[in-house]
Amino acid sequence: MSSEVIDAAIAHHTDWPAPGTVIRHMSEVDLPRVSSGTEWWYYNFHLSLVDGRKASAFIALFRTTSIRPKTAPGQHVKPTPQQDAEFELCHSHLLNFAICLEPSDSPDERPVHTFWGPVPKSNGDHPNGQYLYTSAMDSNNADYMCSMLEVNKQLDPRVRDSLLELMSQGKVPEPDILIRGDVSVSLEGQLDLKYGDLARVTCRTNDRGEDVYHITAHAEDGSYGFDIDLIPRKPPINHGANGVVQGDLVTPDDGMYYCFVPRCEVSGSLRIDNSETLVDKENSLGWYDREFGGGIRMWGEANTKTTESSWKWASAQLSNGWDLTVYTLWDIDINTEELTVRDKRAVAISPEGTRIEYDEHTFEAITSWTSMNTLNNYGTKWHLVIPGMKLNVYVEAPVIRQEFRTICVQRGYWEGRVEIGGTMGGEPVHGLGFVENVPGQFVVKFEQYLKRVARLTAIEVQKIYPDQFLDPDHAMRILAFQSEEEMAMKPTGPNCLPPQRFTADMPLDVLYEHLYAPVRHLTDRGGKSWRSYLSVACIAVFGGDPEKAKSLLAALELLHTGSLIIDDIQDESPLRRGVDSVHSIWGVPTAINAGTAAYFAFETGLRTLNVNMEPEKKVRIYEIFFETMRAGHAGQALDIAGQQRSDLDDILAGRAHPSVLEKRVLTVHRLKTAIVAGNIAKISAILADANPEQMRALAAHCERLGIAFQIIDDVYDIRGWSHVGNTKIDAVPVVTQKKEVLKRPGDDIRSGKISIPIAKAGSMMPLDEAQWVWETVLSKPGDDDITTQKVIDKLESYGIVDACIKEAHKMVDDSWIALEGHLKDNHAKVYLRALGWYLVKYNSI
């Protein structure tokens, strides 16, 4: 452990309990501390309801102290000693609470379990299981966040600017909301926290001298919440070293004082779906964490750290009377994603309340889940081993999707109910607990974020295009010659044809090598996956659930991959995604067949979306798919034919305006790329139950985005991959590391293809020079680097390439203005906006 960490671990502020102080009641540390930049009050509950249902809930109330300028918003500056009078302390507040209703059988069949009874088995997300949550902040918190975003130089600028664009309108992205009503925190006497009309925590002393915490919370619409009385039943326990754990460590003063009560009595009621149910207090338990400390920050003070904090924390209340808390706190390099453990502890509390700390423990995830909403990956089942107490247990989430989405940790975190089973001292033990997992999620570059989509897409692709055919039955299902329902019927008799007849005598290895391996050759290399992400964002931006449409990722990726294979044949391209093109390895006939077959994988992927889908929706999605295919093939036909000589002759003879050539090229881009993007939006809008006006607006934006993307793709064909790092995209040179060559500069020129920059020559340079450019391109200079570079230099000298960039930017920005009022103000909207900027401002081929 470094000296810096040791210093932080023993550093106590003067308004903290002195080292060695024994806290007998949590009310001694309930009130806020003047020295603290951040503090919170956290409670969780495991509730047995009188109707037999099981639920867990938590609530965290945060208070942040910062120094803000007495100036207009947006004028955040760091003070000098002479300017102290122009600054003031600011307190901001954040509220997080959630309820997890455990999956169960039908209401009539629910067994009534005591808390210490057998933990019921779960199949994950049972229809009766629910996770309901609220994240709310006051306006001070939102303004403070904006002040930090304005000076942030590390967060991807597209994400930052998109977020600021929304928040500058006085909004926060859903599901975050602004707290309505007054927020107040008692500074003396007994604890009284009031967070508008959403939550309140008060402490009183009952006639037995016990501290009783009354905790209420309810959703903005009042449909869920809780009204709980909590009474500590074990003494407060210090965590960390002398009660101090490691904070953000910007300075040694950033340690946090941390104590907790691991076992509390709870009573009261839970509200679900507008219905109140009493808590069976004999079989329910609670937990209380109190933490404060950290430095007081200045508004608009730039964060220069190259790491972000990440942690995994668990509480456990066991059937033998023992309680546990374990955590690991990491620093994650935001550029390399390398992890460094900052602090790691395991603390056990005996039934009598004795604290025992163990130096050695492991708490490793053995299964995980990636959220389609945030692209964060979380553990869902863990193995916890503490050798010193002979504890060996498994910790499992009965509901997988216990993700708490909030902008306050950029995207979200996982906090939820877990069930525990295993052994302690060789004896069986079980119990309940909570796990909180905040993974690394800092987006330095938008392409890093898209890589998360690429990883998910690869998983989904493997379900349709696996690594191999295992046997005829497996091949039958993968090839999807018949539906699952037809295969399950297992027809018999002389007049029945078994589905296995398709694959029974197939040489499966040969089939795989010539039909599936060529496609996997490209999908395994991975692309930018922006089309797949577009589908996710377009579903979520209307409040739909992208989790139900995972197979759409593979459907779109395979459709796109098939088109790339065919494109490369027709363009005679030797490379794709940094490797030999498919036809260069397998030959043209196999490539044509494999590429064409990949188109039909869209239908295979869509099969999982058909479950319980209304017939009219299903039909409309298939209509859109076939429209996309027809448009794409029409565009490809025009692309293959190339620019007609008659058009050039008409322009040169003055019979047609030079812009005709540009319109011809844009038509191809619209048919091959823009219609695909627009129709992805339509399909996604259908899945999200968007109304027709919303669908039209989104499709129009995505179609224009597709055209703008293709214009930029044409630009980078001129400038080449190696020029991406130092090209003036927004009139600012951007320097990046050299990247591998994925495609030669000027490939369109070499192959005789007239792209947008080449077509625009007729409108931006003298006609005789434009004629030279066109004639040179149509001559297909191929490997003639000198001639190819002359064409590029000519286009650059007249500012044509920069003009194309500006046009693409304006197209996307103008389109967004027309769209954004139709969308929910949520996280997906922020990232959809950022995606548009990424594709036209910083994209590369």
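Residue positions are given per chain, counting from 1 as you read along its sequence in written order. Per-residue local features of the predicted model are confined to residues with pLDDT of at least 70, and side-chain atom pairs are confined, for both listing and counting, to 80 or more; whole-chain, interface and lining totals are unaffected and use all residues. Values shown for side chains rest on all heavy atoms present in the structure; no hydrogens or waters enter the calculation.

By the naming in an unreviewed UniProt entry, the chain goes by (2E,6E)-farnesyl diphosphate synthase and is assigned to Gymnopilus dilepis. UniProt positions are given in the numbering used here, feature names are shortened, and annotations may be inferred rather than shown by experiment. Quoted verbatim from the Sequence similarities (unreviewed entry) heading of the UniProt record, the comment on the chain is "Belongs to the FPP/GGPP synthase family." Turning to the chain, the UniProt record has this under Cofactor (unreviewed entry): "Mg(2+)".

Participant: In this structure, what is going on with unusual backbone geometry? I would like to understand it.
Facilitator: For residues other than glycine, phi is negative in most cases, and the peptide bonds are mostly trans. Note the cis peptide between Glu 174 and Pro 175, where omega equals 15°. By secondary structure assignment, the location of Pro 175 is in the loop between helix 3 (157-167) and strand 5 (176-178). Phi is positive for Leu 375, which is not a glycine, with a value near 65°. Under the scheme used here, helices are H or I runs from DSSP no shorter than 4 residues and strands are E runs no shorter than 2 residues, and both carry numbers assigned from the N terminus. Within the fold, Leu 375 resides in the loop between strand 21 (362-370) and strand 22 (377-386). Throughout, exposure labels follow a simple rule: accessible area from a 1.4 Å probe, protein chains only, divided by the maximum for the residue type, with under 20% read as buried, over 50% as exposed, and the rest as partly exposed. The class for Leu 375 is buried, based on a relative accessible area of 3%. Positive phi values are uncommon outside glycine, yet Glu 572 reaches one of about 55°. By the secondary structure assignment, Glu 572 is in the loop between helix 9 (551-571) and strand 27 (575-576).

Participant: Mind showing me how you'd approach the packing of aromatic side chains here?
Facilitator: Two descriptors summarise a pair of aromatic rings, namely the distance from one centre to the other and the angle between the planes of the rings. By convention, a stacked pair of Phe, Tyr or Trp rings (six-membered ring in the case of Trp) has centres within 6.5 Å and planes under 30 degrees apart, an edge-to-face pair has planes over 60 apart, and any other such pair is tilted. Applying the stated criterion to the full structure yields 37 aromatic pairs. With a centroid separation of 5.9 Å and 40° between ring planes, the pair formed by Tyr 131 and Tyr 133 is classed as tilted. This pair shows no difference in class: Tyr 131 is buried, exactly as Tyr 133 is. An aromatic cluster is built from Tyr 42, Phe 58, Tyr 131, Tyr 133, Tyr 258, Phe 260, Trp 287, Trp 313, Phe 404, Tyr 413 and Phe 434, whose rings are joined through pairwise contacts. A cation sits over an aromatic face here: Lys 381 above Tyr 394, 5.4 Å from the ring centre. The ring of Trp 772 carries Lys 794 above its face, with NZ or CZ at 5.8 Å from the centroid. Comment: the charge-over-ring label is applied if NZ (Lys) or CZ (Arg) is within 6 Å of the ring centre and within 35 degrees of the ring normal.

Participant: It is not clear to me how the environment of Phe 446 should be interpreted in this structure. Could you clarify?
Facilitator: Here Phe 446 lies in helix 4 (residues 446-464). Remark: the alpha-carbon pair of Phe 446 and Tyr 831, spanning 385 residues in sequence, is separated by 9.3 Å. Any two residues having at least one pair of non-hydrogen atoms within 4.5 Å are treated as being in contact. When residues no more than four places from it in sequence are discounted, the contact partners of Phe 446 are Asp 156, Arg 158, Val 159, Tyr 533, Tyr 831, Ala 834, Leu 835 and Tyr 838.

Participant: Looking at this structure, how should I read the pairing of strand 23 (residues 391-396)?
Facilitator: The side chains of a regular strand alternate between the sheet's two faces. What you see with strand 23 is a clean split: Leu 391, Val 393 and Val 395 sit on the buried side and Asn 392, Tyr 394 and Glu 396 on the side with no burial. Strands qualify as paired when DSSP identifies two bridges or more between them. The sheet contact formed by strand 22 and strand 23 spans six bridges and is antiparallel. Each bridged residue has a counterpart across the sheet, and for His 383 the counterpart in strand 23 is Tyr 394. Between strand 22 and strand 23, which pair antiparallel in sequence order, lie four residues; one of them, Lys 390, sits at a positive phi of approximately 55°.

Participant: Whenever I open this one, the confidence of the model for the chain confuses me. Can you help?
Facilitator: Summing up the model confidence of the chain, the mean pLDDT is 87 and the portion of residues at 70 or higher is 87%. On a range of 0 to 100, pLDDT expresses the predictor's confidence in each residue. Overall, residues 106-126 carries pLDDT values under 50, and its contacts beyond four positions in sequence, including any with other chains, amount to 44 contacts. Scored below 50 in pLDDT, residues 722-739 shows 23 contacts in the model against residues more than four places distant or in partner chains.

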